[in-house]
Amino acid sequence: MSDGDAAELAQIARGDQLAFTRWLARSELRLRASLRSFATTVDVEAILQETLLRVWQVAPKVTDRDGDGDPLFRLALRVARNLAIDEVRRTGRAVLPEPQGLPEDARHLPDPWLRALVERCLAELPRQPRRAIQQRIASAGGAADASLAEEIGMRLNTFLQNVGRARSLLAKCLSRSGVHLESERP
Amino acid sequence: MTDRERELLVEQALSAHRERDAQGRVRSSPAWHDLVESDRAAVFDAALALRTMEAALDPEGLSTTARAVLARVGMPSSAR
C-alpha cells in the first residue's frame, strides 16, 4: 500500500467523507464487476449499495495488517460476496456461484476523454430521451421513477421508454467512437 | 409478459433508487425479481455500462449508485 493509500485509509477511518468519495469513485465499478457471477441470482444494485454503506460504517476499524493493496476494497469484496450468498440462500437457491477474477484497477477514472464523449453523445439525444435520462442521473437514486416522471410531466411508462431509448442511442453514439461499455470490465 | 413490459421492467431495475426495509437495509428492486435470468444478466451488463457513463459525466467520477450511498451516509451536498 502506498503512502497516499495509507493516508487516505486513515482519513476515511476518521470519517472524512471527501476521502470516502475518492475511494468510491475508483472502487464502485470494480466492486460491481466482481459480482458478475451473482448477476442472475441477486439484485446486484441493492447488494452493492448495502456493501458500500457497511464499508463506511466499519471503516474506522479497518487496518492495513499485511500492507498489501487496498484493505478497504478487500473488505468490500468480502462483505459484498457474503451479502450476495446470504441473499441466494434466503431465496432458496441451492447452487452458489463461484467467484470470478477481479477486473483491473480503475484508478484512471474519471476519464476526461470519455467524459467529453459522453457529454457530446448526451447533447445529440432527441429532447425527450435526453430529459428523461438527465432526470434519472440528477436524482442520484434518490427518488422513484414515478416521481421523476411526474416532475417532468411524463407518464411512468413514457419516462421509462425514453430512458431506454436514451441508453440505446448513447451506446450507439459511443460505439461510433470505438467505445463499447457493455463489453468492458472496468 | 410482452416485450414492452419486459423492457420497462429492465429500465426500472437499472435505476439506482432502492427502498429500505424496516431495519434500514437496502431492498432489492421488485422489477428485478419479475425478470427472467437472461434479462437479469442483461441488466447487470447494462448497469455496468450506465454507471460508467454516469461516473464519466460526474465531476468527481461518481455514479448514481455512489451518489445514493453518499446521501445515505449524510454527505452534505456542499461537500460534494
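Residues numbered from 1 in each chain as written. Chains lettered and ligands numbered in written order. Predicted model: local features only at pLDDT ≥ 70, side-chain atom pairs only at ≥ 80, totals over all residues.

With respect to the overall build of chain B
Within chain B, the secondary structure is distributed over 4 helices and 0 strands. Of the regular secondary structure in chain B, the N- to C-terminal order runs α-α-α-α. For chain B, the C-alpha atoms occupy an extent of roughly 45 × 35 × 15 Å along the three principal directions. Out of the 80 residues in chain B, the part that is buried amounts to 50%. Expressed as a percentage of contacts within chain B between residues at least 6 apart in sequence, the contacts between residues at least 24 apart total 37%. (Helix = DSSP H or I, 4+ residues; strand = E, 2+ residues; numbered from the N terminus. Buried ≥ 20, exposed ≤ 12 C-beta atoms within 10 Å, placed from the backbone. Contact = placed C-beta atoms within 7 Å.)

Structural notes on the confidence of the model for chain B
For chain B, per-residue confidence averages 91 on the pLDDT scale, and residues scoring 70 or more make up 94% of the total. Interface confidence for the predicted complex, expressed as ipTM, amounts to 0.94; the pTM equals 0.90. (pLDDT = per-residue confidence, 0-100.)

Considering the interface of chain B and chain A
The partner chain A presents 47 residues to the 48 residues of chain B that form the contact. Looking at the side of chain B that touches chain A, the elements with two or more residues in it are helix H1 (3–13), helix H3 (37–57) and helix H4 (64–72) of chain B. Across the side of chain B that touches chain A, the residue classes break down as 24 nonpolar, 10 polar and 14 charged. (Nonpolar A, V, L, I, M, F, W, Y, C, P; charged D, E, K, R; others polar.)

Remarks on the packing of helix H2 (residues 17–34) of chain A against H4 of chain B
Between H2 of chain A and H4 of chain B, the shortest axis-to-axis distance is 10 Å and the interhelical angle comes to 145°. Handedness of the H2 of chain A/H4 of chain B crossing: right-handed. Facing H2 of chain A, whose interface residues are Thr21, Leu24, Ala25 and Glu28 of chain A, H4 of chain B presents Thr65, Ala66, Val69 and Leu70 of chain B. The residue makeup of the contact of H2 of chain A with H4 of chain B, split by class, is 5 nonpolar, 2 polar and 1 charged. (Axes fitted to C-alpha atoms, helices over the stretch in contact; angles between N-to-C directions. Left-handed = near helix turned anticlockwise from the far one by under 90°.)

Quick look at the nonpolar core
Judged by nonpolar contacts, the single largest core of 68 residues is most densely connected at Leu24, Val44, Ile47 and Ala80 of chain A together with Val43 and Ala47 of chain B. It is H3 of chain B that provides the largest number of residues to this core, a total of 10 residues. Composition of this core by domain shows at least three residues from each of domain 1 (3–90) and domain 2 (112–183) of chain A. Not counting the four nearest positions on each side in its chain, Val44 of chain A is found in contact with Arg32, Leu35, Phe38 and Ala39 of chain A together with Phe44 and Ala47 of chain B. (Core = buried A, V, L, I, M, F, W, Y, C linked by C-beta atoms within 7 Å. Domains from an automatic or database assignment.)

Quick word on the environment of Glu87 of chain A
Residue and element names in this part refer to chain A. Within the secondary structure layout, Glu87 lies in helix H4 (residues 71–90). Spatially, the C-alpha atoms of Glu87 and Val42 are 6.7 Å apart, while their sequence positions differ by 45 residues. Excluding anything up to four places from it in sequence, Glu87 contacts Val42 and Ile47.

Quick look at the domain arrangement of chain A
Domain annotation of chain A identifies domain 1 (3–90) and domain 2 (112–183). Just the C-alpha atoms count here: the centres of domain 1 of chain A and domain 2 of chain A sit 27 Å apart.

Some words on unusual backbone geometry
Positive phi outside glycine occurs at Ala140 of chain A, with the angle close to 50°. Looking at the element boundaries, Ala140 of chain A is found in the loop between helix H6 (127–139) and helix H7 (145–151).

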